[in-house]
Amino acid sequence: MNNRTRALLTVPALAVGALFAVAGPASAAESGSGQADLRPVVGNGVDASGTAMVSIKDDVLTVTYKATGLLAGSPHAAHIHFADDSQHRCPVIADDTNGDGHINTSEGMKAYGMIEVSLTTSGDTSAKSALDVKRFDTAKGGTIDYQRGSIKVSDAVAKDILSGGAGIVVHGVDYNKDGKYDGSTKSDLDPSLPTEATDPALCGIIGASQMSMMPDGGAQTGSGSTTGVEHTGLFVGGGLALLAGTAAAVATRSRRRTADVER
Ligand SMILES: [Cu+2]
């Protein structure tokens, strides 16, 4: 991480819970920041926690998140989720519509929406990388310390991320506590994968915090109410082409999905 990136990350920490401000007219590049507390998704047997921060400068996104207590040694897909028609919160047990006691990917989506950004470690960060598990962090010792900057997003996605209603979701659970993704229950995204590989583990709603580049007024204290509900992301873990295809299909149904799928 270069110094500039570090500076971008440091500034927003000043104003947790402050209201965000949107810069200028609707078509303008967006700047601002926010953070999220990552908490275990209810029903999914995860004893983990974490924090995430996002910072956007003129539609260029920097994301950091740190989480501990995840399934060690396994890759964990992570995304920023949002949909206009989602509920901008993390799942609750009432979202367990199939009644199995867990929140799977599709159950989670109703709460936190579709994938807008895939928090990969390199290369593409769009929804089409949602399941490219080779490019997500592996939790060494159960910990992930993720940092990535220079993620170019659209004005619309930047607005969503700063809206106070976007979710950060880290996927991959271990229901049977055997230290790996397995089990007889298959992923609702792709039956070739265990549901453990794709079910959401941690979720947090990105509370809009402040305009990082506003010369004044940007750090005034707000209600902080946007953090009152939680949210989760959806999908993943599996990395198979089939799964990726499913994710792409789902993503296609969300608004402003770009068309081309490269594999
Ligand atoms: Cu996700």
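This section reports on the structure supplied with the text. Here the structure is a predicted model, which is why all the values come from computation and not from measurement.

Rules and cut-offs
- Residues numbered from 1 in each chain as written.
- Predicted model: local features only at pLDDT ≥ 70, side-chain atom pairs only at ≥ 80, totals over all residues.
- Heavy atoms only, no water.
- Helix = DSSP H or I, 4+ residues; strand = E, 2+ residues; numbered from the N terminus.
- Buried < 20%, exposed > 50% of the residue type's maximum accessible area, 1.4 Å probe, protein only.
- Areas by Shrake-Rupley, 256 points an atom, 1.4 Å probe, with all protein chains shown as cover.
- Core = buried A, V, L, I, M, F, W, Y, C linked by side-chain atoms within 4.5 Å.
- Contact = heavy atoms within 4.5 Å.
- Disulfide = S-S within 2.5 Å.
- Salt bridge = Lys/Arg side-chain N within 4 Å of Asp/Glu carboxyl O.
- Polar contact = N/O pair within 3.5 Å; in protein donor to acceptor, adjacent residues only side chain to side chain.
- Lys, Arg positive; Asp, Glu negative; His and termini not counted.

Another point: the overall build of the protein. Each helix and strand counted, the protein has 5 helices and 8 strands in total. With 263 residues in all, the protein has 54% of them scored as buried. Split by element, the accessible area of the protein, about 10800 Å² in all, is 55% carbon and sulfur.

A word on the nonpolar core. One finds Leu61, Tyr65, Leu70, Ile80, Val117, Leu119 and Ile161 to be the most contacted residues of the largest nonpolar core, which totals 33 residues. At the level of elements, β1 (32-40), β2 (49-57), β3 (60-68), β4 (78-82), β6 (144-152), α3 (155-162), β7 (166-171) and β8 (200-210) are the ones that each hand at least two residues to this core. When neighbours within four sequence positions are excluded, Leu119 is seen to be in contact with Val63, Tyr65, Ala78, His79, Ile80, Phe136, Tyr146 and Ile168. Within the second largest apolar cluster, 10 residues are counted, among which are Val41, Ile103, Met114 and Cys203.

This paragraph deals with α3. Buried within α3 are the following residues: Val157, Ala158, Asp160, Ile161 and Leu162. After α3 finishes, the residue Gly164 shows a positive phi value of roughly 90°.

Moving on to the environment of Ser33. Along the chain, Ser33 falls in strand β1. Ser33 sits 125 residues away from Ala158 along the chain, and the two C-alpha atoms are 9.9 Å apart.

Moving on: the state of the cysteines. Cysteine pairs can be covalently joined through their sulfur atoms, and such a bond is termed a disulfide. Throughout the structure, instances matching the rule amount to 1 disulfide. The side chain of Cys90 participates in a disulfide bridge whose partner is Cys203; the two sulfur atoms lie 1.9 Å from each other. Because the sign of the S-S torsion sets the handedness, a value of about -90° for the bond joining Cys90 and Cys203 places this disulfide among the left-handed ones. Linking Cys90 in the loop between β4 and α2 (105-112) with Cys203 in strand β8, this pair joins segments that are 113 residues apart in sequence. A relative accessible area of 4% places Cys90 in the buried class.

Now for the pattern of salt bridges. A side chain of one charge can pair with a side chain of the opposite charge if their charged atoms are brought near each other. As enumerated under the stated definition, the model contains 6 salt bridges in all. With its nearest N and O atoms 3.3 Å apart, the salt bridge here joins Glu30 to Lys159. Taken together, the residues Glu30 in the loop between α1 (3-10) and β1 and Lys159 in helix α3 connect sequence positions 129 residues apart. Here Glu30 falls in the buried class, since its relative accessible area comes to 1%. What makes Lys159 partly exposed here is its relative accessible area of 29%. The shortest N-O distance in the salt bridge between Arg89 and Asp95 comes to 2.6 Å. Assessed through its relative accessible area of 9%, Asp95 is described here as buried. Linked through salt bridges whose partners overlap, the residues forming this network are Asp132, Lys134 and Arg135.

Turning our attention to the side chain of Asp59. In this fold, Asp59 is placed in the loop between β2 and β3. In this structure the side chain of Asp59 is engaged in a polar contact, spanning 2.8 Å, whose partner is the backbone nitrogen of Glu30.

Our focus in this paragraph is unusual backbone geometry. Of note in this structure, Asp59 is not a glycine but carries a positive phi near 70°. Judged by its relative accessible area of 4%, Asp59 falls in the buried class. Here Ser150, not a glycine, exhibits a phi torsion of approximately 55°, which is positive. Taking relative accessible area as the criterion, Ser150 reaches 66% and is therefore assigned exposed.

A separate point is the side chain of Asp182. Structurally, Asp182 can be placed in the loop between β7 and α4 (195-198). Among buried Asp, Glu, Lys and Arg side chains, Asp182 stands out as unpaired, with Lys180 the closest opposite charge at 4.3 Å. Discounting chain neighbours no more than four positions away, the residues touching Asp182 are Asn176, Pro194 and Glu196.

Mapped onto the elements, Ala72 comes out in the loop between β3 and β4. Considered as a pair, Ala72 and Ile144 are 72 residues apart in the sequence and their alpha carbons are 9.4 Å apart. The residues touching Ala72, leaving out its near neighbours within four places in the chain, are Ala139, Gly141, Gly142 and Gly179.

Note that every value here comes from positions in space, so none of it alone points to a role or purpose.
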